[in-house]
Amino acid sequence: MPGSDLALLRDAAAAAGRIATRHFRQGPQIWDKGGGHGPVTEADLEIDRMLRADLLAARPGYGWLSEETDDDTRRLGARRLFIVDPIDGTRAFIDGQRAFAHALAVVEDGRVTAGVVCLPLMDKLYEAELGGGGRLNGRPIRASDRAELDGADILAGRPQLAPELWPGGVPKVTRHHRPSLAYRLCLVAEGRFDGMVTLRPSWEWDIAAGALILSEAGARVTDRFGAPLRFNEPDPRHPGLVAGAPAVHAGLLARLR
């Protein structure tokens with residue numbers, strides 16, 4: 001009898017962490033992917049190969065979507081699939097910063113059913129199963145219960161708070177930033193920040209695992225227009241992302257409209 005998808009993802013994330021740790025600050029080879037897609041390292045590619053081999057061997061009927069694998073439209077016919085980012089925060093990894101993550105998810109019929117975000121050099125493992133709550137290193141986590149937007153601690157890149165992006169006025173919040181989008185979602189899930197926003201197109205592999213962990217911890221997460229997130233779409237990008245405590249999420253959406 002095979003183990004759960006969550007246990008499989010947990011083991012795979014640990015293996016990814018061992019590969020990343022071996023390459024960290026060791027001058028890995030780096031290439032530019034072109035087209036504005038940023039850099040990729042030999043660590044990203046080695047982790048991608050390992051994850052694809054191990055996960056699909058364990059679940060041969062599942063589809064596959066990864067940042068570092070050429071997209072195959074056959075995934076659209078799969079009821080279940082893996083969505084992974086071998087290293088989320090590759091630039092941080094290259095710069096020798098520890099706040100990079102491995103983000104792994106299982107999606108069934110468009111919904112994330114299991115997700116893991118692992119930060120191996122920070123000893124953090126966030127995880128969730130649909131309906132089972134969010135956890136950090138095995139302990140339950142809960143999102144902020146902040147009741148208003150003004151004064152909230154929000155994770156966002158500086159350009160995301162440009163006045164022209166906020167028809168309702170730039171929210172009066174304290175801005176913070178972390179390099180990994182998956183990590184930002186998880187920081188909101190554990191209540192260390194009240195919300196996060198990115199108004200740039202967001203790839204499914206960056207957000208699938210973190211979105212489940214965050215929602216299971218009691219926060220709200222939608223695209224920038226307030227629409228629910230569905231995964232395994234023909235174009236694996238969402239039009240931005242807004243997440244946070246329910247009142248903070250609602251306040252952010254109101255300012256965007």
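Residues numbered from 1 in each chain as written. Predicted model: local features only at pLDDT ≥ 70, side-chain atom pairs only at ≥ 80, totals over all residues. Heavy atoms only, no water.

**Some thoughts on the sheet that holds strand E10 (residues 153-155)**
Counted only if it meets this: Strand pairing is assigned whenever DSSP identifies at least 2 bridges connecting the two strands. Segments assigned H or I by DSSP are reported as helices when at least four residues long, segments assigned E as strands when at least two residues long, and all are numbered from the N terminus. Simply put, an axis is a line fit to the C-alpha atoms, just over the touching stretch for a helix, and the angle between two N-to-C directions goes from 0 to 180 degrees.
Read across the sheet, 5 strands follow the order E11-E10-E12-E16-E14 without closing on themselves; strand pairing throughout is mixed. Looking at which strands have only one partner, the edges of the open sheet turn out to be strand E11 (174-176) and strand E14 (220-222). Going from strand to strand, the sheet's axes swing by 20° on average, the running direction of each strand aside. As paired elements, E10 and strand E12 (residues 195-198) share 2 bridges and run parallel to each other.

**A word on the sheet that holds strand E8 (residues 134-136)**
As a reminder of what qualifies: Residue contacts are counted whenever heavy atoms from the two residues lie within 4.5 Å of one another.
An order of E3-E4-E5-E6-E7-E8-E9 is seen for the 7 strands of this open sheet, with the pairing classed as mixed. The sheet is open, and its two edges are formed by strand E3 (63-66) and strand E9 (139-140), each paired on a single side. Bridge count between E8 and E9: 2 bridges; the pairing is antiparallel. Bridging from a neighbouring strand, Arg-135 pairs with Pro-140 of E9. Contacts between helix H2 (residues 42-58) and the sheet are confined to E3, strand E4 (80-88) and strand E5 (101-108), with E4 contributing the most and set at about 160° to the helix. The sheet strands contacting helix H5 (residues 204-216) are E3, E4, E5, strand E6 (111-119), strand E7 (124-129) and E8, and the helix crosses E6 at an angle near 100°.

**Things to note about the packing of helix H1 (residues 5-23) against H2**
How we decide: Reported orientations rely on four angle classes, namely roughly parallel under 35 degrees, roughly antiparallel over 145, roughly perpendicular from 65 to 115, and oblique for the rest. Here is the rule for handedness: rotate from the far helix to the near one, and if that takes an anticlockwise turn smaller than a right angle the crossing is left-handed, while a clockwise turn gives right-handed.
It is the contact of H1 with H2, at a shortest axis distance of 10 Å, that shows an interaxial angle of 155°. Relative to H2, H1 is oriented roughly antiparallel. The handedness of the crossing between H1 and H2 is right-handed. On H2, the residues touching Leu-8, Leu-9, Ala-12, Ala-15, Ala-16, Ile-19, Ala-20, Arg-22 and His-23 of H1 are Glu-42, Ala-43, Glu-46, Ile-47, Met-50, Leu-51, Leu-55 and Ala-58.

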